Amino acid sequence: MNWLTAALGASVGKKLMMALTGLAFTGFLAGHLAGNLTIYGGKAAFNGYAEKLHSLGPLLKVFEVGLIGFAAVHILTGLWLFLQNRKARPVRYTLDTSPGGRTLSSRTMPYTGLIILAFVAFHLTNFTFADKTRTTIFEIVSAAFSSPIYIGIYVAAMIVVGLHVRHGFWSAFQTLGANHPKLMPTISALSVAAGLIVGFGFGLLPIFISLRY
Ligand code: HEM
């Protein structure tokens, strides 16, 4: 097990954990978005999707525990790397020579990450932990998005999630070794596409719901 503790203690091991947990979250987001798109089918379609999800019972619980574990690893490792980088480089470089250069999304990763953490806590309180005994998840979601404040918070948060996914996706592939110059344009394009799909895919939902219901 010594090799494992050594690998996880090294920066490269931490980056690998960030990459793998980050890609797992991207998979979760893809599934969550696909499920949420049933909102376009109306009340019955969305409630039907939520019912199917909850009928998974213990399997859903296992999935949720896994998600919490991945989140803990991703957040703690991210914070560790952030603090380690700051300690190693107290004076910022004026010129960044990292491959792909510095973009808005790469520079803001720790901050967008913390905003997403706050968003998820807010989001779970709104929907997952809401009392559903006398209502349905569709009613809860459409009531939330009848408020311009909620719409604003969700749309702003989805821009932040899109930015985080854009750089995270790119960075994960770098860490996993897909950094051949020939692959760069494709990976860059895929990262931008992933950020846009997440940002627009989720971000348009509150607007649609507020206009339609
Ligand atoms: C407009 C955007 C979104 C909408 C309308 C939405 C809707 C929902 C709803 C209705 C639930 C509760 C499902 C249920 O209990 O039946 C839920 C759960 C959840 N959402 Fe979202 N969501 C959105 C964006 C996001 C984003 C961007 C993230 C992550 C960054 C996220 C993370 C989660 C998590 C972690 C859960 C709990 C999953 C579970 O307990 O199995 N959501 N969402």
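Look up: the structure comes first, before these words.
Draft legend 1. The overall build of the chain, seen in detail. Along the backbone of the chain there are 9 helices and 0 strands. Of the regular secondary structure in the chain, the N- to C-terminal order runs α-α-α-α-α-α-α-α-α. Overall size of the chain, expressed as C-alpha extent along the three principal axes, is 55 × 40 × 35 Å. The buried share of the chain, taken over its 213 residues, is 19%. Partitioning the contacts of the chain with sequence separation of at least 6, the portion at a separation of at least 24 is 80%.

Draft legend 2. Inspection of helix α4 (residues 58–88) at higher detail. The end-to-end C-alpha separation of α4 is 45 Å, in line with the 45 Å expected for 31 residues at 1.5 Å each. With 2 of 31 residues buried, α4 is to be regarded as a mostly surface element.

Draft legend 3. Quick look at the packing of helix α6 (residues 109–128) against helix α8 (residues 148–175). Interhelical geometry of α6 versus α8 gives an angle of 135 degrees and a closest axis separation of 9 Å. Regarding the angle of α6 to α8, the classification is oblique. Judged by the twist between their axes, the crossing of α6 over α8 is left-handed. Contact with α6, carried on its side by M109, T112, G113, I115, I116 and F119, involves A157, V160, V161, L163, H164 and H167 of α8 and no other residues of that element. Residue composition of the contact of α6 with α8, grouped by class: 8 nonpolar, 4 polar and no charged.

Draft legend 4. Just the site of the ligand, in detail. Taken together, 19 residues sit near the ligand, with A50, F127, I137, F202 and L205 positioned nearest. For the shell around the ligand, the secondary structure elements donating two or more residues are α2 (11–36), α3 (43–54), α4, α6, α7 (137–144), α8 and α9 (184–212). Ranked by residues supplied to the shell around the ligand, first place goes to α6 with 6 residues.

Parameters at a glance
- Residues numbered from 1 in each chain as written.
- Predicted model: local features only at pLDDT ≥ 70, side-chain atom pairs only at ≥ 80, totals over all residues.
- Helix = DSSP H or I, 4+ residues; strand = E, 2+ residues; numbered from the N terminus.
- Buried ≥ 20, exposed ≤ 12 C-beta atoms within 10 Å, placed from the backbone.
- Contact = placed C-beta atoms within 7 Å.
- Expected span 1.5 Å × (residues − 1).
- Axes fitted to C-alpha atoms, helices over the stretch in contact; angles between N-to-C directions.
- Parallel < 35°, antiparallel > 145°, perpendicular 65-115°, else oblique.
- Left-handed = near helix turned anticlockwise from the far one by under 90°.
- Nonpolar A, V, L, I, M, F, W, Y, C, P; charged D, E, K, R; others polar.
- Near = placed C-beta within 6 Å.

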